[in-house]
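Topology and contacts: notes
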Amino acid sequence: MELRDLRAGGNDGVPGGGGPGGAGAGAAAGAAGGASGPEFGGICIGGTGGGQRLPTKADLFIEQLNATNAKKVALLLVLGFIVYHGLLNWNYGSDSCQWLLSKGRFKGDNEWQPYGCMVHKYSLTDTRRCLRYLAFFDNKNNFVFIGDDSVRLLYERFVEQLRLPLAADELAAQQPEQQDDDNNASVADSSARFEDKKLHMLAQYIRAEEVNPALVERLYHLEAEKQLSSVYVVGFTYSGLLAGNTTEDVLRQYAANLTLLVAPFHRLVAQTSRVLWKLADRVDEEKLPASWKLLQNEHIDRLNHVARGVFRYTEASVWESAWHIANGLLDNAVDGHQLCAHGQRLEVQLLWNMYCNDYMNYNDGTCCSSSEPHTTLQIVAYAMFGVCMALVCGMCLRRWVLHLRGHTLYVPLQQHQSHSQQQEGGGRTRGAPGNALSALITDYGTPMVALSLLGLILAYFYLCDRTNFFMKENKYYSEYSFWIPVGYVFALGLFFTEDSRFTKVLNRDQTDELRGWILLVVLIYYMTGAQRVLPIHMHIKLLISGYFFLTGYTHFTHLWHTGSSGSLFVRFFQAMFRANFLSVLLCFCMNRPYQFYYFVPLLSFWLCVVYFVLALPPRISSASVDANPLHYLYLVCKCIGCLGGITVLFMSEVFFERIFVTRPWKALFVTTDDDLHEWWHQWKLDRYTVAFGMIYAACFHIAQKYNVFDDNNHGNLFSRRTSISVTLLALLGVGVYTAFSFLCRNVQNCEEIHSYILFIPIVGYVVLRNISGILRTRYSAFFAWFGRISLELFVCQYHIWLAADRHGVLVLLPGSPTLNMIITSFIFVCASHEVHRLTQIILPYAVPNDWRLVMRNFVIFLIVLIPVARSDGMF
């Protein structure tokens, strides 16, 4: 992205944007350079008073820093990572269970992150739900732990997560029995057993210090029990380990003993069981008790090396990640050799993720989880995109054949001029007619090419988020991981600050800027998982509310200034198309309900409300109130009616549900589980926001009409004394909300109060941003650039920046979290910008300026939806 792109005006890609914009980034830069500044692309460099000079290499390099070339780099990166991950999957396999058991790293919050996949944090409820689900299908949940004291501790921690909390009387009754069990365990301490018949759950511990005939016989006996799909965790060294005499003879004997386990392990795995070999944990030699002082980590490492060699090519899996966890928490080891409780819980979590993820399908648990199966609708959708690609390839081939035969090919003027400028900027002669490149490339402004490119982008979406081809990791929140990116973003925003073309309050540049920094902060919030911090959560809700507030303001402002000129019907469908085009395609191609992209249904719903209120006769505008002052009363009645209707829906949740679960539009508001709760929660959170935006716009324009302030110049809105008073009130309004977010302790109560007071900080920000002429007439081109593609950014983040339906983070470059975030962000922004560009190309074909053609296209779209609706049970 270059400064030229940041300065460019473009068509507003966000529904509700007001005012016309420029044609594109390149056109804006070319128009800005004219008489006195540098011009690239084959035009002279130098001022009007000096001589002309050829562009330098630095000039040519800067000229290449544009959105088009950035997308080419992003494409090369995507192709490179596809090859890279293809080689990884070919060499090491795509089994995420193997990633779960092999390696990982500790994040800043001391939680374990497996290599390349996500782990779900299983609670007691989650664990029992998994076992109950498997028991319902008559599956036996059998876990066997065999080994020394480290395996016994793991077994105890494992069973601890299965026990239901007991009432006080039950606990008192079981204490004598527990004491007897403890006494028996202290005497024998050779086995333990936990059984829950309701869950078909059996967990047992078998003590073993080394390989012996009794252990091998016990393994064959377990195999004879035919307990299918069992999990065996085995780990031990040899009985003389503490003596510290790990010689070469001992290692050879240890390897020979482990080899005796290969055959029984193979038979157990043949019964679809999983066998894990738990390596011996390293010790903190300085903290070891006297009886352990002869033990050295060198001895343990040599034994583990032998175990890896024995089991490397067998059916058993070496549980390397458990060793990495113990090694990472070595400083917290009890007595220098016993894994701490936190480490034991992490290892148990890995076991549950390995066992349950493929059955429970938790969004944040991709380890050991199979890819989501594709649907018929997905096949049809991608087949349609494939047809478009085939037609485009056919057109290119035809143009190439005609070019070889010497036919004259007509290239669109804009495309030809752009190609010629690139040639001249590169120091070559301007392209001649019949240039081969122009012959092969069709017009990129045609909807067929746009749909083909969109199909390729959506194929990348599918590869990232509906397959295990690329890796995924859990989110990680810390104060630094959230605030440092926010600081960088605002530093860049301030750096790219320039003069605006407008002086009006909330002009086009300001609204784009506001949308831009709101979306960037929201994206950082989702990337880092900062929702766990209540003040940050409430401020993000405020920013999203500010987006909706701006929607109400901009659409009311447009009608206020234009009145009945133009077709309000066409403008409504244009706004709806921009809001929903990408989301509807993703619903088809990613097999997700419309409500999954909750921001888009909310925006579409409030757009319908806004246009319904504004379209009700009489249409009120600046000219109409001059002609008939009674329109002020009509305006008040419209606002009161809008607020009253919203309040009625909110006061009766039953009435709300009756409306939104009515077929056929029920499918637009329910989740995959046929639940309306998510829509109800999001709707009531911003139920008054758009109405507040329209009311604020009405009050603002009426005050402007009666010269309460003047924003037609570069001066301040008010006199000095009034400005100070209004500024203090605005600061107080923003400060009150911030104090409220810190003092409020309950999310539900915070969000309920938020719905009534959100307009205070929003109006306060608008006042602070515009009261000074200096601030009002400058804007951040950086934020404005992102603001024009803000809706695409919000939707695309679900699949190509975040992962697993926004519960995790996409990993293209494993092992380098910061660099991976930079690369994925770059590709994500380029893809979002391209989707925005393609949407703008398709828009005039889908929503023409004639309302009759709009109705025709809308009816065709409804007809296409009929088979989809029938398959989803909408009728």
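Calculation rules
- Residues numbered from 1 in each chain as written.
- Predicted model: local features only at pLDDT ≥ 70, side-chain atom pairs only at ≥ 80, totals over all residues.
- Heavy atoms only, no water.
- Axes fitted to C-alpha atoms, helices over the stretch in contact; angles between N-to-C directions.
- Helix = DSSP H or I, 4+ residues; strand = E, 2+ residues; numbered from the N terminus.
- Parallel < 35°, antiparallel > 145°, perpendicular 65-115°, else oblique.
- Left-handed = near helix turned anticlockwise from the far one by under 90°.
- Contact = heavy atoms within 4.5 Å.
- Nonpolar A, V, L, I, M, F, W, Y, C, P; charged D, E, K, R; others polar.
- Phe/Tyr/Trp six-rings, centres within 6.5 Å; stacked < 30°, edge-to-face > 60°.
- Buried < 20%, exposed > 50% of the residue type's maximum accessible area, 1.4 Å probe, protein only.
- Pairing = 2+ DSSP bridges.
- Disulfide = S-S within 2.5 Å.
- Salt bridge = Lys/Arg side-chain N within 4 Å of Asp/Glu carboxyl O.
- Patch = residues over 30% accessible without salt bridge, like charges linked within 9 Å, V, L, I, M, F, W, Y side chains within 5 Å.
- Areas by Shrake-Rupley, 256 points an atom, 1.4 Å probe, with all protein chains shown as cover.
- Lys, Arg positive; Asp, Glu negative; His and termini not counted.
- Charge placed at Lys NZ, Arg CZ, Asp CG, Glu CD.
- Polar contact = N/O pair within 3.5 Å; in protein donor to acceptor, adjacent residues only side chain to side chain.
- Core = buried A, V, L, I, M, F, W, Y, C linked by side-chain atoms within 4.5 Å.
- pLDDT = per-residue confidence, 0-100.

1. Section: the packing of helix α34 (residues 790–800) against helix α35 (residues 817–846)
Remark: α34 packs on α35, axes separated minimally by 9 Å, with the N-to-C direction vectors making an angle of 130°. Of the possible angle classes, the one that applies to α34 and α35 is oblique. For the pair α34 and α35, the sense of crossing is right-handed. Contacts from E792, L793, C796, Q797 and I800 in α34 reach T824, F828, V829, A831, S832, V835, H836 and T839 in α35. Broken down by class, the residue content of the contact of α34 with α35 amounts to seven nonpolar, five polar and one charged.

2. Quick look at the packing of aromatic side chains
Counted under the stated rule, the structure contains 66 aromatic pairs. Aromatic side chains Y598 and F794 sit 5.9 Å apart centroid to centroid with 75° between the ring planes, which places their arrangement in the edge-to-face category. Residue Y598 is located in the loop between α22 (568–590) and α23 (599–615), and its partner F794 is located in helix α34; the two are separated by 196 residues in the primary sequence. For the residue pair Y598 and F794, the accessibility class agrees, reading buried in each case. Ring centres of F605 and W606 lie 4.9 Å apart, and the angle between their planes is 75°; on these two criteria the pair is classed as edge-to-face. On the basis of relative accessible area, W606 is assigned to the buried category, the value being 2%.

3. Description of the sheet that holds strand β13 (residues 808–811)
The strand order across the open sheet formed by three strands is β9-β13-β12, and the pairing between neighbours is antiparallel. Across the chains shown, the open sheet's two edge strands, defined by having one partner strand only, are β9 (471–474) and β12 (802–803). Of the pairings in the sheet, the one linking β9 to β13 comprises four bridges and is antiparallel in character. Bridge assignment links K472 to a residue of β13, and that residue is L810.

4. Brief notes about the state of the cysteines
This model, assessed by the stated rule, comprises four disulfides. The disulfide partner of C97 is C368, and the S-S distance across this bridge is 1.8 Å. Between C97 and C368, the S-S torsion sits near 125°, and that sign places the bridge as right-handed. Placement of C97 in helix α5 (residues 96–102) and of C368 in the loop between α14 (341–360) and α15 (376–404) is noted, with a sequence separation of 271 residues between them. Each member of the pair, C97 together with C368, is buried. Between C130 and C356 runs a disulfide, and the two sulfur atoms are separated by 2.0 Å. Taking the torsion about the sulfur-sulfur bond, which here is approximately -90°, the covalent link between C130 and C356 counts as left-handed. On the criterion of sequence distance, the pair formed by C130 in helix α6 (residues 124–136) and C356 in helix α14 is long-range, its members being 226 residues apart. C356 matches C130 in its accessibility class, with the two residues each being buried. The connectivity of the disulfides in the protein is 1-6, 2-5, 3-4, 7-8, where the numbers refer to bonded cysteines in sequence order.

5. Re the pattern of salt bridges
Considering all chains together, one arrives at 30 salt bridges under this definition. We note a salt bridge from E320 to R308, for which the minimum N-O separation is 2.6 Å. Pair noted here: E320 is in helix α13 (residues 320–328) and R308 is in helix α12 (residues 297–311), with a separation of 12 residues, a long-range link. The class for E320 is buried, based on a relative accessible area of 17%. A salt bridge links D512 to R788; the shortest N-O distance between them is 3.5 Å. In this pair, D512 is assigned in helix α20 (residues 508–528) and R788 in helix α33 (residues 781–788), connecting sequence segments 276 residues apart. Residues D512 and R788 agree in their burial class; the two are buried.

6. A word on a negative patch on the surface
A surface patch of like charges, here negative, comprises E653, E657, D673 and D675. For E657, the position within the fold is in helix α26 (residues 653–660).

7. Let's talk about unusual backbone geometry
Note the cis peptide between P617 and P618, where omega equals 0°. Secondary-structure assignment places P618 in the loop between α23 and α24 (622–627). In this structure, P664 follows R663 across a cis peptide bond, with omega equal to 10°. Relative to the assigned elements, P664 resides in the loop between α26 and α27 (677–685). One non-glycine residue, A804, adopts positive backbone phi at about 55°. Note that A804 resides in the loop between β12 and β13. With relative accessibility at 8%, the residue A804 sits in the buried group.

8. Details of the side chain of R687
Mapped onto the elements, R687 comes out in the loop between α27 and α28 (689–705). R687 sits in the buried class, given a relative accessible area of 0%. Reaching out from R687, the side chain makes a polar contact with the side chain of S755 at a distance of 3.4 Å. Within the local environment of R687, its side chain forms a polar contact with the side chain of Y756, the two groups lying 2.9 Å apart.

9. A short note on the nonpolar core
In this structure, Y460, Y597, F599, W606, W679 and W683 are the most contacted members of the largest nonpolar core, which totals 150 residues. Looking at which element gives the most residues to this core, the answer is α22, with 16 residues. Residues within four places of W679 in sequence aside, it is in contact with Q595, P601, L602, F605, F656, F660 and F669. Counting residues in each nonpolar core, the second largest holds 47 residues, with Y155, A203, V348 and L351 among its members.

10. What about α34?
With 11 of 11 residues buried, α34 lies mostly within the body of the structure. Along α34, the positions that sit buried rather than exposed are S790, L791, E792, L793, F794, V795, C796, Q797, Y798, H799 and I800.

11. Concerning the sheet that holds strand β5 (residues 201–207)
One open sheet accounts for six strands, arranged β4-β5-β3-β6-β7-β8; its pairing is mixed. Each having just a single partner strand, β4 (191–196) and β8 (317–319) make up the two edges of the open sheet. Ignoring which end each strand starts from, the neighbouring axes of this sheet average 15° apart. Examined bridge by bridge, strand β7 (residues 274–278) and β8 share three bridges and lie parallel to one another. Counterpart to K278 in the pairing with β8 is W319.

12. Observations regarding the packing of helix α21 (residues 534–562) against helix α30 (residues 747–757)
Between α21 and α30, the least distance of the axes is 11 Å, while the angle of their chain directions is 30°. Viewed along their axes, α21 and α30 adopt a mutual orientation that is roughly parallel. Of the two possible hands of crossing, α21 and α30 adopt the one that is right-handed. Between α21, through L534, H537, M538, K541, L542 and S545, and α30, the contact on the second element is made entirely by V747, C750, E751 and H754. Per-class residue counts for the contact of α21 with α30 are five nonpolar, three polar and two charged.

13. Describing a nonpolar patch on the surface
On the surface, F569, W851, M855, F858, V859, F861, L862, I863 and I866 cluster together to form a nonpolar patch covering roughly 760 Å² of accessible area. Among the elements that take part in the nonpolar patch, helix α36 (residues 851–871) stands out by supplying eight residues, more than any other.

14. Structural notes on the confidence of the model for the protein
Taken as a whole, the protein shows an average pLDDT of 84; of its residues, 86% reach a score of 70 or greater. pLDDT under 50 marks residues 1–49. Its contacts with residues more than four places away, or in other chains, come to 115 contacts. Ignoring residues within four places in sequence, the model shows residues 415–440, a span with pLDDT below 50, making 33 contacts including any to other chains.

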